[in-house]
Each structure stands twice: as structure tokens, then as C-alpha cells.
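Letter by letter, the chains look like this.
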Amino acid sequence: RTKSDHRGGNLARRLRRPIADLRSELYHRSVTWHWRFYRGRRTRMAQLNEAQLEAVRTLRGPLLVLAGAGTGKTSVVTHRIAALIRHGARPGAILAVTFTNKAASEMQSRAAALLGRQQKEKPQISTFHSLCVRILRRHITRLGYPAQFTIYDRGDQESAARRALREIRVSGDMLKPSDLLASISTWKMKSVQPATAAELATTDKEHLAASAYRRYQQALKASGAVDFDDLLLLSEGLLARHADVRGEEAARFSHLLIDEYQDTNQSQYQIVKALAREHRNLCVVGDDDQSIYGWRGAEVTHILNFQRDWPESKVVRLEQNYRCTSPILEMANRLIAFNRQRHKKVLRSDKPGEAPRILQAADEVMEAKNVVEEVRIRLETPGVEPRDFAILFRTNEQPRLFETELRRVKLPYVLIGGSSFYDRKEVRDILAYVKLLAQPKDEAALLRILNTPARGIGPSTAKLLVETAISQGKPAWEILCDPKALGRVTEATAAGMRQLVELVERYRRRAQHGSLVDTLKSLIHEIGYQDELARLYPTSEEQQTRWTAVEEVVNALANYEKQTSQPSLDGFVADLLLADRDQDDEKEKQLKRNAVVLMTLHSAKGLEFNEVYLVGMEEGLLPHRRAVEMEGDAIDEERRLCYVGVTRARERLTLTLALARNKWGKSRPTVPSRFLFEITGRADNPHARKGARPQPTASRPASGQGRSKPPRRGSAK
């Protein structure tokens, strides 16, 4: 009833109306209310183009959304999540998986904004690694691991690798721990177990690595630990070998959405198939033209073969680009058309703009000077700021000269990348204590804090501890609890060992029944870690900086404890390590600065800038020397990498090359990148001829057969 119903007998008159009229009025009021309630959301839906709407409205069955660069794929994913919920899907039964915490957080917030009202339940949006941690927490005991397993970071892995090499008596000259870990990671990303690795090995070095791989895995399992690759590999194994586990995990979800599908490795691919096999409501979003992570196990064939894996699937192409100008997209389309195997698509834009430029310099020094001088002059234009510019390069060695020039002309800049907060010694020390409280069998954590701060347990005792543990087949913690098992140790050393055991056991009990933050603060105070920093670092500034880092660990634990319903120390460590893996927070902080951005092409994926300089367009740099030697698929990935660089530019794009570069102190002539000839239409595309079978791209076309003189400096092509 409205207020007017009570005035002048309106209510009485309305009650005397026929029932049919009243029902009609109630219906129209209801429709009007629902229209007002959803009008804002429908307005947002109206902002989607036809292809995007088609993807959002396809709610059942396998769906492949080919989302070109800058085509609004995140909007499609979040609108689709909202549409599924509005059409009756339970929010908690929707699983959306992506590769970074930033992307997962953005999806969650966008979906919540679209749904408007507060949902009792949220869709599950996470990274692959976070999803696998949850699966393993529930079922890893089936594989012989403890439910409260530890996740090893890079430092822990290197310690385990060194021990594995020591056990098989392989010196660092024959096989470095870092090389061993690289081999193990490659095997794991391809779902290769230790026994299979030994069968696949062909060289002496590979046989040694396979043998050490087996010892490495045994050591991790004995310590109740896994590494990052294990999170995927063990989850894949659980779902493949245990039908009841697969059924239970798959039944949790009625719909799966996978972002950046072109970046999935073998384990991720198998996990997705296992979870979607029964209901088949699988939507994958990606762009084969932006598959640039083959070096870390990504297989572009997964997105290329989606229709073969899911024969009833529907394909939607997003080709309307909202980022770049038309001339930039024309260049990008010409370039990527040279790849042999790809889903056909052509990006379009309604934004006019100036043609991209190709600049050449006498050498790498002049290349840096010219680019930085251009940026300096452009910054004199009103409204143009340093953050508008990005200088993108292929290798980590290239930015040095650009940094030198930017410093010389006093322009602010930021180099994306570098060491992580969690690589700092003091942070690793405190986290080692946290890991040990969570899992005393964690040998890497134990050895790190065994004598930190000093408690009379020297390197020789630590070595004896490890050797005794290996010979007796027991965790090092059990040996530590019984100093007599070590034989010849001094009373002072034995006292130090007993002191450490008592400390850990006491704080373990406290962590199980009290505040985690208070427990950690008391532990840091009791071991005298601030005094340890004063002993190690002479200046008060350095001591304060490192003590602030320790404080940040405590702050991180406080935030975790506040936001988690059932906080635990092992959960805290897992959250920290998973967050550090993609280093989103640090990258975001750097990008917020009003500064010129220097970054590799791999780091630039997913970002965009008003003006982009793509430097070092030479054979051996882009494409990289290794790819030039390998040809075939390797060149295709380098071309995709160049394509990613081109499509980072919103308004202005400049590609540069040096005619000569110093190598071992001598100036050597360079060869312009084949990609320059392809993007300017000066190379024949063997895949453009009708009926022609795709052939490998030629590495060095002869003069007059697809190559010409590079464009003159300053010319627009």
C-alpha cells in the first residue's frame, strides 16, 4: 500500500475493485520493482558487445572463449559468473581458476559488484596452486604425506637439492643444485615421476639428475614437505589414481571457468579435465597468440586442441580491441599471422592514431640515448607523465644502459623485478621458526635456525646431525631430541640442542591454544633476534631496516589471523609462499609510482601503457639466440612474445634496433629482427597462400627473398 491509499477513501475504493484488477496491479508493481532492481546490471550488460554477450549467455557445456589482447576478457568472465548465479547456480559450486592472486582478487571484487547484494556464499575464485593446496589438505594422507605438510620455498629446495647431491656423491662441478632443481621442475611440469625420469635420461648429466631427483623427493616426503611443483603434480596424481577423491572433488563444483588457458601446463590440464569430466560445464578463456611461457611448462596445444578434447564445445571469438589504436593493431595482426598453428582471429579497433615507428641507432649506447631523449622531450608536453612510458626488452641485461641514461637526465624510473621481500635473511630466519613450529620434521627449517641465534651448535655438529639422520633413516628432529644418538658431542653442544627442542615444543603447544601473533612475538623476543641483528649489522640504519622486515612478518601473521576462520601456522606459511610466487603486490607498488617503467616482455603481459618502446629488435635478442638455433616452435613463441609487446601500447608504439653491439669488448654488426620485416609487410607469409601447408619460418631469408634494408631512422611504417 502507498501513503495515498489512506487518503480520501482510496483504500476502500481499491478494495471494492475486481480481484482480477488487483492481481494485475500487483503484477505490474512487481515487474516494475524487479526492473528497477536489475536496471543497473542490465545497463552494464548492455555495455558488452555481441561476442561478449554470446559468451556470457552460453551457460552450459564446454565453451572456448578466444580473447585477443585488450578485448575485455575479465568482463566476460565476471559477467558470466554473475549470470550463472542469477540463473540458479549455487555460488559456492562455481570454480574460477586463474594464475595470479591479483587476477583472482579482481575477479572476485568485480563479480560481487555485478551481483549487487551481499551473497551468503561466494564463488570460489583462486589460483591453481591455491586450489591444489585445498585438495591436498583434504586428501594428501592417501599419498603418505602428513595432512599438515610444509611447502618448501626456493631456499628450502636448494638445501634439499644439495643434500640429495651429497648423498649420491656428486660434486657441484658436475651438477649444481640450481641446475638439478631446474631439471626437476621441468620433469614435474611435464608430469614425469622420478622412475620415469631415469628412463628418459640420455646423457650422463641427466642420469645423475634423475638419481638425485629420487633422493630429493624422498627427502621432502620424509620431512613432510612439498615444493610448488608438487602442489600440482600430487593433485594430478590424486585425481588420476583415486576415483573416490576425483568424484568428491568434482562434485564440489557445477561450473568451471579457467582463465589464461593457453598458459596451462600438463598437470593443470589434467586437473581441469578431471574436475569437469562429468558435468562438462567448462568455460576456458585465453589467447593462443599470447602463449609465452613455454619455458616454464605451458603448452599452447591445450587451447589449440580444445575442440578435439571437448567435441561438443562452442567457440566464441572476442576480436574487438578496446586498448590499442587501429595502426598498432594492423601491425600486430600482420606479425602474428606468420605463426604456423593458431586459432584464426583478427583484432579490430575503432580508435584512430599515428602509425608505429621503427628507429635504428648506430649502437646500443645511442639506442638508449635516443629513446631516453625522446621520452624527456615528450614529458614537456602538458598532461604527459613519466608513468605513461614503458621501455620493454627481451633479456635482463638490456636495461643497464637505459638506467644509466635515465639517471643522467634525472628522469624517475622503476625496474620491475628484483629480489623478493621473502628472500631477505631475517625474513627467512623468522619463517623457518614458524615452519618448525608447524612441522618439526621440516629439515630445511631446522638446519636454518639450528644455530640462529648462536646456541653452541656449530657446522660440524649440523653435518653430523644430517649424516646420522640419513644413516638411521630418521628425521633430523628425532636425532636432535636425543643428543646421545650423535655420539661425540660436547656437553655445551648437547645443552644447546636440548634448549632448542624445549623451546620449539613449548611454543608449539602455545600456538595450538593461543594467539598466533602473541606466540610469534614472544618467540622472537625470547631468542633475542633483535640482538642478533645488532651483532650481524654494524650500522643502526641497517639494523632498523631489518628489524622492520621482521615486524612486517608479524603484521602479515596478524592480518592472516584476522581474516581466517581457522588460522594455523602451516596455513599462514602456505598463504605467504603462494602470494610471493607471483609477486603481484610488489609489482603493483612499483607500477603505482609516477615513473618510466623498464621491464621484460614476459613481465609486461597483462599490462598496458600509453607509449611503448620495444627495444633491441635484432636477431639474437628478439627472437632470442636460443630460439634462432632451435627454429620451429621456439620462433613461434618468440613471435608471440613480440606480439605481446606490440599490444601493450595504447596510443604510440616505437620499435628500435642497434646496427652494432659490443660483445666481449668489440663492436659487432647486428642483423635486424625478422619480425621487423614481417610487421612492415616486407616478408612473404608462407601460411597466407591458399591451400599451402604451413612450413617452418625461415631463419635467415636471403637478400631479395623476404628481407630488405631496415627502415631508415625516424621513418614511419
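Note that the coordinates shown come from a computational prediction; the quantities given were computed from them, not determined experimentally.

Trainee: In this structure, what is going on with the overall build of the chain? I would like to understand it.
Mentor: When its secondary structure is counted, the chain shows 32 helices and 16 strands. A total of 717 residues make up the chain; the buried ones form 53% of that total. The long-range share in the chain, meaning contacts at least 24 apart out of those at least 6 apart in sequence, stands at 77%. As displayed, the chain has an accessible area near 34,100 Å², and 50% of this comes from carbon and sulfur atoms.

Trainee: Any chance you could explain helix α11 (residues 228–241) here in plain terms?
Mentor: For an α-helix the count is 3.6 residues per turn, leaving residues at separations of three or four pointing the same way. With 14 residues, α11 ought to run about 20 Å at 1.5 Å a step, and its terminal C-alpha atoms sit 21 Å apart, in line with that. For α11, a buried count of 12 out of 14 residues is recorded, marking the element as mostly surrounded by other parts of the structure. Its side-chain oxygen placed 3.2 Å from the backbone nitrogen of D229, D227 serves as the N-cap of α11.

Trainee: Explanation requested: the confidence of the model for the chain in the structure shown.
Mentor: Atom-level detail of predicted coordinates should not be read off regions where pLDDT is low. Per-residue confidence for the chain gives a mean pLDDT of 84; residues scoring 70 or more make up 86%. Counting contacts from residues 690–717, a segment whose pLDDT is below 50, to residues more than four positions away or on other chains yields 58 contacts.

Trainee: I'm lost on the packing of helix α17 (residues 364–378) against helix α18 (residues 399–408) in this one. Help?
Mentor: Geometrically, a packed helix pair is captured by the angle between its two axes and the distance between the axes. The geometry of α17 relative to α18 is characterised by a closest axis approach of 9 Å and an angle of 45° between their N-to-C directions. In terms of axis orientation, α17 runs oblique to α18. Viewed along their axes, α17 and α18 form a crossing whose handedness is right-handed. Of α18, the residues touching α17 (which contributes E364, V365, E367, A368, K369, V371 and V372) are L401, F402, E405, L406 and R408. The class makeup of the residues in the contact of α17 with α18 is seven nonpolar, no polar and five charged.

Trainee: Would you mind going over helix α16 (residues 326–336) with me for this structure?
Mentor: Counting buried positions over the 11 residues of α16 gives eight, a clear majority of the element. Listing the buried residues of α16 in full gives P327, I328, L329, M331, A332, N333, L335 and I336. Buried positions along α16 lie against α31 (633–646), β14 (649–658) and α32 (674–679).

Trainee: Explain the sheet that holds strand β13 (residues 609–614) here, please?
Mentor: The strands making up a sheet associate through hydrogen bonds between their backbones, and the pairing can be parallel or antiparallel. With parallel pairing, the six strands of this open sheet are ordered in space as β9-β14-β13-β10-β12-β11. In this open sheet, the two edge strands, each paired with only one partner strand, are β9 (357–361) and β11 (413–415). Each strand axis lies, on average, 20° off the axis of its neighbour in the sheet, ignoring direction. Examined bridge by bridge, strand β10 (residues 389–393) and strand β12 (residues 596–600) share four bridges and lie parallel to one another. Bridging from a neighbouring strand, A390 pairs with V597 of β12. Sheet strands touched by α31: β10, β13 and β14. Its angle to β13, the strand with the most contacts, is close to 140°.

Trainee: Help me understand the nonpolar core in this model?
Mentor: Most often, soluble globular proteins have nonpolar side chains that are buried together. Residues I151, L231, L282, L480, L520 and F572 are the most contacted members of the largest nonpolar core, which totals 92 residues. If one sorts the elements of this core by residue count, helix α19 (residues 425–438) sits on top with nine residues. With sequence-adjacent residues up to four places away left out, L231 is seen in contact with H129, C132, V133, L136, F149, I151, V226 and L578.

Trainee: Help me understand empty space enclosed by the protein, please; the structure alone is not making it clear to me.
Mentor: If you roll a probe as big as a water molecule over the atoms, it shows you where there is empty space left. In total, this model carries three cavities of 30 Å³ or more according to the counting rule given. Roughly 70 Å³ of internal volume is contained in the largest cavity. Taken together, D153, D156, Y422, R428, L431, A432, K435, A445, R448 and L577 form the lining of the largest cavity. Elements supplying a minimum of two residues to the lining of the largest cavity: α19 and α20 (443–449). The element that contributes the greatest number of residues to the lining of the largest cavity is α19, accounting for four residues.

Trainee: How do you make sense of the pairing of strand β6 (residues 255–258) when you look at a structure like this?
Mentor: Look at any regular strand and the pattern is simple: side chains alternate between the two faces of the sheet. The two faces of β6 match: H255 and L257 on one face and L256 and I258 on the other face are all buried. Pairing analysis gives three bridges linking β6 to strand β7 (residues 282–286), with the strands arranged parallel. Pairing of I258 across the sheet is with V284, part of β7. Crossover handedness for the path β6 to helix α13 (residues 266–276) to β7: right-handed.

Trainee: What should I look at first to understand the side chain of R652 in this one?
Mentor: By secondary structure assignment, the location of R652 is in strand β14. R652 has contacts with I328, E354, R357, R378, N610, E611 and V612, leaving out every residue within four places of it along the chain.

Trainee: What's the story with the packing of helix α7 (residues 154–167) against helix α8 (residues 177–189) in this structure? I'm lost.
Mentor: Contact geometry for α7 and α8: axes closest at 9 Å, N-to-C directions at 105°. Taken together, the axes of α7 and α8 lie roughly perpendicular to each other. Contacts between α7 and α8 pair R154, Q157, E158, A161, R162 and L165 from the former with P177, S178, L180 and L181 from the latter. Per-class residue counts for the contact of α7 with α8 are five nonpolar, two polar and three charged.

Trainee: Would you mind going over the environment of L437 with me for this structure?
Mentor: Looking at where L437 falls in the secondary structure, it is placed in helix α19. Non-local contacts of L437, meaning those with residues more than four positions away in its chain, are made with V504, Y507, R508, L523 and L569.

Trainee: Where do I start with the sheet that holds β7 in this structure?
Mentor: Pairing within the open sheet is parallel, and its six strands lie in the order β3-β2-β6-β7-β1-β8. At either end of the open sheet lies a strand with only one pairing partner, and these are β3 (124–127) and β8 (314–318). Averaged over all pairs of adjacent strands, the angle between strand axes in this sheet comes to 15°, irrespective of strand direction. Across five bridges, the pairing between strand β1 (residues 63–67) and β8 is parallel. Residue L66 lies in a different strand from β8, and its bridge partner there is R317. Against the sheet, helix α5 (residues 101–115) touches β2 (94–98) and β3, its axis set at about 165° to β3.

Trainee: How should I be thinking about the pattern of salt bridges in this particular structure?
Mentor: Side chains that differ in sign of charge can pair as their charged atoms come close. Scanning the model with the defined rule gives 58 salt bridges in all. Here R535 and E532 are joined by a salt bridge, their closest N and O atoms 2.9 Å apart. Note that R535 and E532 are positioned in helix α25 (residues 529–536) at a spacing of three residues, about one turn of the helix. By relative accessible area, R535 is classed as exposed at 56%. Overall, the relative accessible area of 6% leaves E532 in the buried class. R661 is paired through a salt bridge with E618; the nearest N and O atoms lie 2.5 Å apart. Linking R661 in strand β15 (residues 660–663) with E618 in the loop between β13 and α30 (625–630), this pair joins segments that are 43 residues apart in sequence. There is no split in this pair, since R661 and E618 are both buried.

What counts and how
Residue numbering note: each chain is counted from 1, following its sequence as written. Totals for whole chains, interfaces and linings use all residues, but because this is a predicted model, local features are given only for residues with pLDDT of at least 70 and pairs of side-chain atoms are given and counted only at 80 or more. Side-chain numbers come from the whole structure's heavy atoms, not from hydrogens or water. Only DSSP runs of H or I covering at least 4 residues are called helices, and only runs of E covering at least 2 are called strands; the numbering of each starts at the N terminus. Burial classes: relative accessible area under 20% of the type maximum marks a residue as buried, over 50% as exposed, and values in between as partly exposed (1.4 Å probe, protein chains only). Residues count as neighbours in contact if any of their non-hydrogen atoms are within 4.5 Å of one another. Residue exposure ignores everything except the shown protein chains as possible cover, and the areas themselves are Shrake-Rupley values with a 1.4 Å probe. Between the first and last residue of a helix there are one fewer steps than residues, each counted as 1.5 Å, and that sum is the expected span. Distance and chemistry together define a polar contact, namely a pair of N or O atoms within 3.5 Å, with one atom able to donate a hydrogen and the other to accept it when in protein, and with adjacent residues in sequence counting only for side-chain atoms on both sides. The predictor attaches a confidence to each residue, called pLDDT, with possible values from 0 through 100. Axis definition: a line fit to C-alpha positions, over the contact stretch in the case of helices; interaxial angles, taken between N-to-C directions, run 0 to 180 degrees. Any angle from 65 to 115 degrees is called roughly perpendicular, while one under 35 is roughly parallel, one over 145 is roughly antiparallel, and all others are oblique. Handedness of each helix crossing follows the sense of rotation of the near helix against the far helix: counterclockwise by less than a right angle gives left-handed, clockwise gives right-handed. Just so you know the grouping, Ala, Val, Leu, Ile, Met, Phe, Trp, Tyr, Cys and Pro go in nonpolar, Asp, Glu, Lys and Arg go in charged, and all remaining residues, Gly too, go in polar. Two strands form a pair only when DSSP identifies at least two bridges running between them. Side-chain atoms within 4.5 Å are what join buried Ala, Val, Leu, Ile, Met, Phe, Trp, Tyr and Cys residues into a set we call a nonpolar core. Here the term cavity refers to a set of points on a 1 Å grid, laid over the protein atoms alone, in which a 1.4 Å probe fits but cannot get out; the term pocket refers to an open set having protein on both sides within 12 Å along at least five of seven lines, with lining residues being those that place an atom within 4 Å of a point. Grid points are joined across faces, edges and corners, and a volume is the space filled by probe spheres set on the points. We call a crossover right-handed when, viewed with the strands running away from us, the connection from the first strand over the helix to the second turns clockwise. By salt bridge we mean one thing: a side-chain nitrogen of Lys or Arg within 4 Å of a carboxyl oxygen of Asp or Glu.

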